[in-house]
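Close look at the chain arrangement
Residue-level listing of the chains:
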Protein chains: 2
Amino acid sequence: MTYKSERRANWRAAARLRKIARKARSKPSGSLVSPLAPEAFPDLPAISGVRLATGAAGIKYTGRDDVMLAVLDPGSVIAGVFTASATRAAPVLDCEQKLAAPADLKSGAAIFVNAGNANAFTGSAGSGTVQAVTAALSEKLSVPVSRVFTSSTGVIGEPLPSEKIISKIDELAAKAVPAGLADAARAIMTTDTYAKGACAVAQIGGADVKIAGIAKGSGMIAPDMATMLVYIFTDAAIAQPALQSLVSHVNARSFNAITVDGDTSTSDTLLVAATGQAGNPKITDTENADGISFSEALETVMKDLAQQVVRDGEGATKLIEVNVTRADSEADAWLVAKSIANSPLVKTAAAGEDPNWGRVVMAVGKSGAVADRDKLAIRFGDILVAEKGWVAKSYTEEAGAAHMQRAEIKISVDLGLGEGAARMWTCDLTKRYIEINADYRS
Amino acid sequence: MTYKSERRANWRAAARLRKIARKARSKPSGSLVSPLAPEAFPDLPAISGVRLATGAAGIKYTGRDDVMLAVLDPGSVIAGVFTASATRAAPVLDCEQKLAAPADLKSGAAIFVNAGNANAFTGSAGSGTVQAVTAALSEKLSVPVSRVFTSSTGVIGEPLPSEKIISKIDELAAKAVPAGLADAARAIMTTDTYAKGACAVAQIGGADVKIAGIAKGSGMIAPDMATMLVYIFTDAAIAQPALQSLVSHVNARSFNAITVDGDTSTSDTLLVAATGQAGNPKITDTENADGISFSEALETVMKDLAQQVVRDGEGATKLIEVNVTRADSEADAWLVAKSIANSPLVKTAAAGEDPNWGRVVMAVGKSGAVADRDKLAIRFGDILVAEKGWVAKSYTEEAGAAHMQRAEIKISVDLGLGEGAARMWTCDLTKRYIEINADYRS
C-alpha cells in the first residue's frame, strides 16, 4: 500500500467509524437483565422501627417510582461512609456535616432518596435544594432537620426541581409502612438492570438482630446515572460510635473492594440505621463476642450487596474475584489487587475467555508493589498457572481456558513475600460497556 | 417480569453473550490503518555513524522483517529510560545494568531488536537468551558485550529461540548501511497499524545536528504484542550525562505523558544514541544555549513519536489532548491529567462524540488532587463549558457536540488554585479496543 492510498484508506476508515458510532447512539440500550444477576430478589424482613414508602415524583422517569422515604423511630442511631470525591454532590456534603455533629436520639430520623437527578455540580442552587427538601421533610415528620438525610442519583449538572419532591412528601408520609424494602430498592434504580437486596440475622444476647439492606449501582461508579447508594437497616441496639466504627471497617472489605471501571461517583453514599428495638444488650464494644457477631452479620449483608453491584456492572458477563496473598504489606496487597481488578487488559481477556496470564504478570508489575518475579505464583481457580518466573510445568492452556469459560472467575496471586492479603471483586470489560457509556446520555 | 422468568432470561442472555464472544474471537482482527495515522512516514535523514539492517528471522511472523540491527561507530554515547514495571523483561534488566556502568567510548556499540516474542517472564532461560544473543553480536561486530543493547517485543512467557536470531547476525552485519530507518520502523512493529518515525534538526555552533527516531506501540502499553519501543539516533556531540539528563527530562513530557489504557508494559524501552559526528561543539551543559537547542529538537522528535503511539492506540478514533492549568502543585496537575486521560467514562464519551462534561468533573473529583468546585473551569477546545460550580451561561450542547465530532479533541481544566500545569495525550475507548484485546492471542 502506498502512502497516498494509505491516507485515502484512513479517511474512509474514519468516516465509517464515525457513522457506526452515530448509528449506535441512536439505538435504545435495551432492558436486558445482567446475566450475572441473582436468581431472585431476597425476602427481606421488616425491621422494627423503620417505615418505608415510595412514590413517583416524575423527576426524570415516568411510569415508575423514583423517590423513597425511610422514617426511623426515636432512638435510632445512624452511621455512614461517603465518596472521597473532591467534587461531591450537595446531598453528600449535607449528610457528612450532619453525621459529624452530635445527634438528638430522643427524636426520630428520616432518609430520603430520589433517582434521575444527582444534584451534583449544580452550584449554590444545589445546596438550596437540599435545604428546601430537608426542611419540608423535617416539618412534615416532626423530626429535627439535623436528622433528615438525603441522597440524589442521576444526571450531573442539571438543577433538581425541589417542588416536585416537596409535593410528594404528604403522600409518602401517609403511606410509610414497616415493610417495603423491595419497592424501595426498585425506586432508587437508574441504569441498574435489577434491584439489589440482602439480609442477615445475628444472635446477640438471646435476641435475633435483623439486618436488611438495599443498594443501587451499575458501573463503579459512573457519575451520571450509576452512582452507588446503599441503605442498611437493623433493629440492633448499638452505640453510634461502635456502629460507625464497624461500618467503616466492613466497608473497606466490601464496597471499597469492588470496582467496575475505576471511576468514582460524586454521590456515593452508604447509610446504616440501627433502631435499637431488637431487645439485645446494647453493643458498645466492637471487639467482644456481641460486637463480632453483629460485625459478621453486617459483613454478610455488605459483601452480598457489594457483589451484586459488580454483577450489575455495565456490560458485565463475568464476576471476577481477585485474591492477593503473601504481599510484602497490607498496602501492597491492595495495590496489586486494584491493579489487576482495574486493568483493561485483564478485564478484556476475561471477556474473551482468554487465560492470558501474561496480563496478570503485567498488572502485578505495574502496581508499584514490591514483587519478585521468581517468587510469584498465579492461579486461575485452583489451577496453578505460573510460578518461579515462568509458566508452571503442570499448566495447560485447556485447563486455563476451561476456568475462563465460567461465569465466575477467580484470579489468585501469591507474592511469596510477607503477610499482606487483599480480596477484590470486579467484572469483565465488554463491548456492551462501551455501548452503554459511549452511546448514553439524555 | 417475574423472578422465575427473569432467571430464565438471564441464562439465555449469558449464553447469547458467550456465543457472540466466541464468534468474535474466531474473526481475524483485520489490517485497518488507524484513522488517526499521519499522512505518510516522514523522510528520515541518515545519521552519520549509524548503520542499519533488518531481516526476517521468522520468530513469530512470516513474510516480513522481524529483526533490526543498529551498528554505532566508536565514540557514540547512549542514554535510555525503561519501564518501571517490577516484572520487567530480561532484555530491559540487561540494558539497565549496562547503562549504569561506565562505557568504553573507544569501541563501537550495537542495538538489536526482535518482534514477536517479548522474552518476558521466561525465568532464568530469558537472561540466558539475552546473554547468548549479545555475545554473538559482540563477537561478530567486534564491540564489547557491555555495549550491545537488545529489546524484545511480543508474546509474554514463551521462550525466545536464540538460535533463530543468532543465525541471522552474519546477514544483518553484512547488510548494515547508513540509511534504512523506515525499514527498521517496520521491522519492529507488532500490532501497530502503521510505522512511526520523526526527525528534527538543531543548529548548534554552526553545525546542523540531526535527530531521527522510530517507535512502535499501539495500546499504552499492552504487555503481549504492544510493548512500546523507541530508538532515536543523533549525530550530536554530547556528553553522556547531559544526554541522559535531557532524555529523562523530555521523556516526562512526551512518552510519560501519553496513555492508551493505563496499562504498563514489561518491556518499554527508549534508547537514544549520539554518535558525535555532526561537528558541533560538544554539549556538556543542558541549560546553556546549545543544550537548550538540542533539548528542543529532541522534544520535537519525542513528542511527535509519543503522539504517533497514541494515534495508533488500539481502536482509537479520536486523539484527545488533556490540558490542566492552575493546579495547586505540579504533582496535582499530573494527578488530574492522568485521572481524566485514563478515565474509561471520559474516553467512552469521546468515542460517542458526547460532550459529557459531568464525567470530566467526576475525573477531577476522583483524582486525589486539591480541587474547589466553585473555582474550576472546563473547556472543550475554546468553548467554555463549566465554571463557578455549574454549567457556563454561554455554553450550548450544540457547540460542545460540534467540538466532540472532531478527530482531535482538546479537554482543558483550569483549577484556579496555583501554578501547576500538565499536558497529556490519550485516545478514545471504543468497541474495537475490546475486540482487539478480548479476541486476540496465539
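Residues numbered from 1 in each chain as written. Chains lettered and ligands numbered in written order. Predicted model: local features only at pLDDT ≥ 70, side-chain atom pairs only at ≥ 80, totals over all residues.

1. Some words on the overall build of chain A
Helix and strand counts for chain A stand at 13 helices and 16 strands. Counting across all 442 residues of chain A, residues that qualify as buried make up 60%. Across chain A, the fraction of contacts at a sequence separation of at least 24, relative to all contacts at a separation of at least 6, is 81%. (Helix = DSSP H or I, 4+ residues; strand = E, 2+ residues; numbered from the N terminus. Buried ≥ 20, exposed ≤ 12 C-beta atoms within 10 Å, placed from the backbone. Contact = placed C-beta atoms within 7 Å.)

2. Here we look at the domain arrangement of chain A
Residues and elements named next belong to chain A. Its domain assignment divides chain A into domain 1 (50-311) and domain 2 (319-439). Just the C-alpha atoms count here: the centres of domain 1 and domain 2 sit 33 Å apart. Listed per partner, the contact involves ten residues of domain 1 and nine residues of domain 2. Listed by contribution, the elements that provide at least two residues to the side of domain 1 that touches domain 2 are strand 9 (258-259) and helix 8 (289-311). (Domains from an automatic or database assignment.)

3. A short note on the nonpolar core
Core analysis: the biggest nonpolar cluster contains 286 residues, and A:Ala110, A:Val336, B:Ala110 and B:Val336 have the highest contact counts within it. Ignoring any residue separated from it by four or fewer positions in sequence, one finds B:Val336 in contact with B:Val324, B:Ala327, B:Val364, B:Ser367, B:Ala369, B:Val413 and B:Leu415. (Core = buried A, V, L, I, M, F, W, Y, C linked by C-beta atoms within 7 Å.)

4. A look at the packing of helix 7 (residues 240-253) of chain B against helix 8 (residues 289-311) of chain B
All names here are of chain B. Viewed as axis vectors pointing N to C, helix 7 and helix 8 meet at an angle of 45°, and their least axial separation amounts to 10 Å. Considering the angle they form, helix 7 stands oblique to helix 8. Where helix 7 crosses over helix 8, the handedness of that crossing is right-handed. Between helix 7, through Ala 242, Leu 246, Val 250, Asn 251 and Arg 253, and helix 8, the contact on the second element is made entirely by Gly 291, Phe 294, Ser 295, Leu 298, Glu 299 and Met 302. Residue composition of the contact of helix 7 with helix 8, grouped by class: six nonpolar, three polar and two charged. (Axes fitted to C-alpha atoms, helices over the stretch in contact; angles between N-to-C directions. Parallel < 35°, antiparallel > 145°, perpendicular 65-115°, else oblique. Left-handed = near helix turned anticlockwise from the far one by under 90°. Nonpolar A, V, L, I, M, F, W, Y, C, P; charged D, E, K, R; others polar.)

5. Concerning helix 3 (residues 123-141) of chain B
Residues and elements named next belong to chain B. With 19 residues, helix 3 should cover 27 Å at 1.5 Å per step; its first-to-last C-alpha distance of 28 Å lies within 8% of that length. Among the residues of helix 3, Gly 126, Thr 129, Val 130, Val 133, Thr 134, Ala 136, Leu 137 and Leu 141 are the ones counted as buried. Seen from one end, helix 3 has its buried residues packed into an arc of 160°, which puts them on one side. The outward face of helix 3, more than 90 degrees from its buried face, is lined by the exposed residues Ser 124 and Glu 139. Turning to helix 3, the residues buried within the fold contact strand 2 (67-72), helix 2 (90-100), strand 4 (109-117), strand 5 (148-155), helix 4 (162-166) and helix 5 (169-175). Count one or two residues on from helix 3 and you reach Ser 142, which has phi positive near 55°. (Expected span 1.5 Å × (residues − 1). Arc of directions from axis to C-beta.)

6. Considering the environment of A:Asn119
Residues and elements named next belong to chain A. Residue position: Asn 119 is located in the loop between strand 4 (109-117) and helix 3 (123-141). Distance from Asn 119 to Ser 151, taken between C-alpha atoms, is 8.8 Å for residues 32 residues apart in sequence. Those residues in contact with Asn 119 that sit more than four places away from it in its chain are Ala 89, Ala 90, Pro 91, Gly 126, Thr 129, Ser 152 and Leu 160.

7. Topic: unusual backbone geometry
All names here are of chain B. Despite not being glycine, Phe 121 has its phi angle at roughly 55°, a positive value. Along the chain, Phe 121 turns up in the loop between strand 4 and helix 3. Phi is positive for Arg 326, close to 55°, though the residue is something other than glycine.

8. Focus: the packing of helix 2 of chain B against helix 3 of chain B
Geometrically, a packed helix pair is captured by the angle between its two axes and the distance between the axes. Residues and elements named next belong to chain B. Viewed as axis vectors pointing N to C, helix 2 and helix 3 meet at an angle of 55°, and their least axial separation amounts to 8 Å. The pairing of helix 2 with helix 3 is recorded here as oblique in orientation. You can see that helix 2 and helix 3 cross each other, and the crossing is right-handed. Counting all contacts with helix 2, which are made through Ala 90, Pro 91 and Asp 94, the residues of helix 3 involved are Gly 126, Ser 127, Thr 129 and Val 130. Within the contact of helix 2 with helix 3, the residues separate by chemical class into three nonpolar, three polar and one charged.

9. Here's the deal with the environment of B:Pro161
Residue and element names in this part refer to chain B. Among the structural elements, Pro 161 can be located in the loop between strand 5 and helix 4. Residue class for Pro 161 comes out partly exposed when judged on the 15 C-beta atoms lying within 10 Å of it. It is 15 Å that separates the C-alpha atoms of Pro 161 and Ala 135, two residues lying 26 residues apart in sequence.

10. A few points about the pairing of strand 7 (residues 207-216) of chain B
Looking down a regular strand, the side chains alternate between one sheet face and the other. All names here are of chain B. For strand 7, a buried count of eight out of ten residues is recorded, marking the element as mostly surrounded by other parts of the structure. Relative to strand 8 (residues 229-234), strand 7 runs antiparallel, the two being bridged by six bridges. Residue pairing in the sheet places Ile 211 in a bridge with Thr 234 of strand 8. (Pairing = 2+ DSSP bridges.)

11. Some details on the sheet that holds strand 7 (residues 207-216) of chain A
All names here are of chain A. If you trace the five strands from one edge of the open sheet to the other, you get 3-10-8-7-6, paired in mixed fashion. Since the sheet does not close on itself, it has two edges, and those belong to strand 3 (77-82) and strand 6 (196-204), each with one partner. Taking each pair of neighbouring strands and ignoring which way they run, the sheet shows an average axis angle of 15°. Against the sheet, helix 2 (residues 90-100) touches strand 3 and strand 10 (269-274), its axis set at about 135° to strand 3. Its contacts with the sheet place helix 7 (residues 240-253) against strand 3 and strand 10, and it is angled at close to 30° to strand 3.

12. Quick look at the environment of B:Ala392
All names here are of chain B. Note that Ala 392 resides in the loop between strand 14 (390-391) and helix 12 (397-404). C-beta crowding within 10 Å serves as the criterion here: with 16 such atoms nearby, Ala 392 is assigned to the partly exposed category. Linking Ala 392 and Asp 66, residues 326 residues apart in sequence, is a C-alpha distance of 53 Å.

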